[in-house]
Amino acid sequence: MLLLLLLQVLVSCLWLGRSEVVTSFESSCPQFFFRKAPPNEALQPENPAWICQRYENQYHFATLYDRNRRIPVYSAYLYQPQPSTRPRTWWVEPQLIGPIYPKSMKSEYNLLKNYKVTKEQLSRSQAILDDYKNVTGLSRGHLNPSSHQPNFISRESTFTLTNIVPQDEKLNIGTWKNYEEQTMMRKTQGCKTTYVVVGAVPGNNYISEGRVNKPSHIWSSACCEVDTNHRKAWAVIAENDKDNVELLTLGELESRLTQLYRRNQVFLFDSSCPRE
């Protein structure tokens, strides 16, 4: 009996090590972070989930997810924009329900029908489509935008609700969109590889009867490798009730986030990425 119990624990640990919801980005999907170094623990929520976003048997980006507030803390990815069709299907993360469920993102319908999951189970630690119904003045705002992806499969992978926050509608289609599509294109000229971390600061308001937090701020940061010896960086932040994006240095954004979170000093990238 004891041997059987030990074998069950071992199998469970092996499963968790292979799973979509991982124990650390460094050991599972470090390729989305400059010098394989994720942001420090100053942004970590009370009940976090580290998600290596898996779709079509491939990792596409990484998300630190806040299970309690049901929004991502940040998503990290490589900037590789290419023209492609905009997807329409929305996904959820099965392994936020539990480690026995699929490693790749699935649709709500698929999980409810084929895996006999209840809506209560599904919604316990993540947002679902019903949370965003009948919401006025807010839209489903991507942290990792589909337009920054190299192909249709990778674009589809960004349409997971674990990559989405309630974002001010005017901001989402206004100056934030302009930053994503125009400013990023200008800033990345001459870059060989650009690492991006986009995040949301939790706010005091919620949608869906207190289930999903509405962030107070949306922010984005980038570290670009020009060549082996040269790098450049930039950042932006926006209040989530105004159509205005403020351009900052990386150091300025880290200081602003440190003030907003009121914890330890925030570091978004490895120290070799320039702060000024």
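Residues numbered from 1 in each chain as written. Predicted model: local features only at pLDDT ≥ 70, side-chain atom pairs only at ≥ 80, totals over all residues. Heavy atoms only, no water.

- The protein carries the name ENDD1 protein in an unreviewed UniProt entry, which gives Anhinga rufa as its organism.

**Re the UniProt feature "domain: ENPP1-3/EXOG-like endonuclease/phosphodiesterase" (unreviewed entry) in the protein**
Here is step 1: UniProt's entry tags residues 58-268 with the feature "domain: ENPP1-3/EXOG-like endonuclease/phosphodiesterase" (unreviewed entry), counted in the numbering of this structure.
Here is step 2: With 23% helix and 31% strand, residues 58-268 has end C-alpha atoms that lie 25 Å from one another. (UniProt positions renumbered as here; feature names shortened; annotations may be inferred. Helix = DSSP H or I, 4+ residues; strand = E, 2+ residues; numbered from the N terminus.)

**Overview of the confidence of the model for the protein**
Here is step 1: This prediction gives the protein a mean pLDDT of 93; 93% of its residues lie at or above 70.
Here is step 2: Counting contacts from residues 1-19, a segment whose pLDDT is below 50, to residues more than four positions away or on other chains yields 10 contacts. (pLDDT = per-residue confidence, 0-100. Contact = heavy atoms within 4.5 Å.)

**What about the pattern of salt bridges?**
Here is step 1: Tallying each qualifying case throughout the model produces eight salt bridges.
Here is step 2: Among the salt bridges present, the one from Asp130 reaches Lys133, with a minimum N-O distance of 3.2 Å.
Here is step 3: Note on Asp130: relative accessible area 32%, which makes it partly exposed.
Here is step 4: Overlapping salt bridges, with partners in common, bring together Lys119, Asp130 and Lys133 in one network. (Salt bridge = Lys/Arg side-chain N within 4 Å of Asp/Glu carboxyl O. Buried < 20%, exposed > 50% of the residue type's maximum accessible area, 1.4 Å probe, protein only.)

**Let's talk about the sheet that holds strand E7 (residues 193-201)**
Here is step 1: The sheet built from eight strands is open, its strands ordered E1-E2-E3-E4-E7-E10-E11-E12 with antiparallel pairing. Bordering the open sheet on either side are strand E1 (21-22) and strand E12 (246-248), each of which pairs with just one other strand.
Here is step 2: Of the strand pairs in this sheet, strand E4 (residues 71-78) and E7 are connected by five bridges, and their pairing is antiparallel. When the bridges of E7 are listed, Ser75 appears paired with Val198.
Here is step 3: Its contacts with the sheet place helix H7 (residues 175-187) against E7, strand E10 (217-227), strand E11 (230-239) and E12, and it is angled at close to 170 degrees to E11.
Here is step 4: Lying over the sheet, helix H8 (residues 250-261) contacts E4, E7, E10, E11 and E12, oriented at roughly 40 degrees with respect to E11. (Pairing = 2+ DSSP bridges. Axes fitted to C-alpha atoms, helices over the stretch in contact; angles between N-to-C directions.)

**Details of the nonpolar core**
Here is step 1: Of all hydrophobic cores here, the largest spans 43 residues; its most connected members are Tyr132, Trp176, Val196 and Ile218.
Here is step 2: Broken down by secondary-structure element, the contributors of at least two residues to this core are strand E2 (48-55), strand E3 (58-66), E4, strand E6 (164-168), H7, E7, E10 and E11.
Here is step 3: Look past the residues within four positions of Tyr132 in its chain and what remains in contact with it is Ala127, Arg140, Leu161, Ile164, Val165, Pro166, Ile207 and Val212.
Here is step 4: Core analysis: the second largest hydrophobic core is formed by 31 residues, Phe25, Cys52, Tyr74 and Ala233 among them. (Core = buried A, V, L, I, M, F, W, Y, C linked by side-chain atoms within 4.5 Å.)

**Considering the packing of aromatic side chains**
Here is step 1: Under the counting rule described, the total for this entry stands at six aromatic pairs.
Here is step 2: Where Phe25 meets Phe33, the ring centres are 5.3 Å apart and the plane angle is 35 degrees; that geometry is what we call tilted.
Here is step 3: Judged by relative accessible area, Phe25 falls into the buried class, the value being 2%.
Here is step 4: When its relative accessible area of 3% is taken as the criterion, Phe33 is described as buried.
Here is step 5: Both rings, one in Trp90 and one in Phe159, keep their centres 4.8 Å apart while their planes meet at 55 degrees; by these two values the pair is tilted. Of this pair, Trp90 sits in the loop between E4 and helix H3 (108-114) while Phe159 sits in the loop between helix H5 (152-157) and E6, and the two are 69 residues apart along the sequence.
Here is step 6: An aromatic cluster is built from Phe25, Phe33 and Tyr74, whose rings are joined through pairwise contacts. (Phe/Tyr/Trp six-rings, centres within 6.5 Å; stacked < 30°, edge-to-face > 60°.)

**Comments concerning the layout of surface pockets**
Left-over empty space is what a probe sized like a water molecule reveals as it rolls over the atoms.
Here is step 1: Of the pockets and cavities examined, the largest pocket occupies roughly 280 Å³.
Here is step 2: Surrounding the largest pocket, 13 residues form its lining, Arg86, Asn172, Lys177, Glu180 and Glu181 being those nearest its centre.
Here is step 3: Contributions of two or more residues to the lining of the largest pocket are made by strand E5 (138-142), helix H6 (169-173) and H7.
Here is step 4: Looking at the lining of the largest pocket, its residues break down into two nonpolar, five polar and six charged.
Here is step 5: Considered as a void within the structure, the second largest pocket measures approximately 180 Å³ in volume.
Here is step 6: Here the lining of the second largest pocket is composed, by residue class, of six nonpolar, four polar and two charged. (1 Å grid on protein atoms, 1.4 Å probe; cavity = no way out; pocket = protein on both sides within 12 Å on 5 of 7 lines; lining within 4 Å. Points joined across faces, edges and corners; volume = space filled by probe spheres on them. Nonpolar A, V, L, I, M, F, W, Y, C, P; charged D, E, K, R; others polar.)

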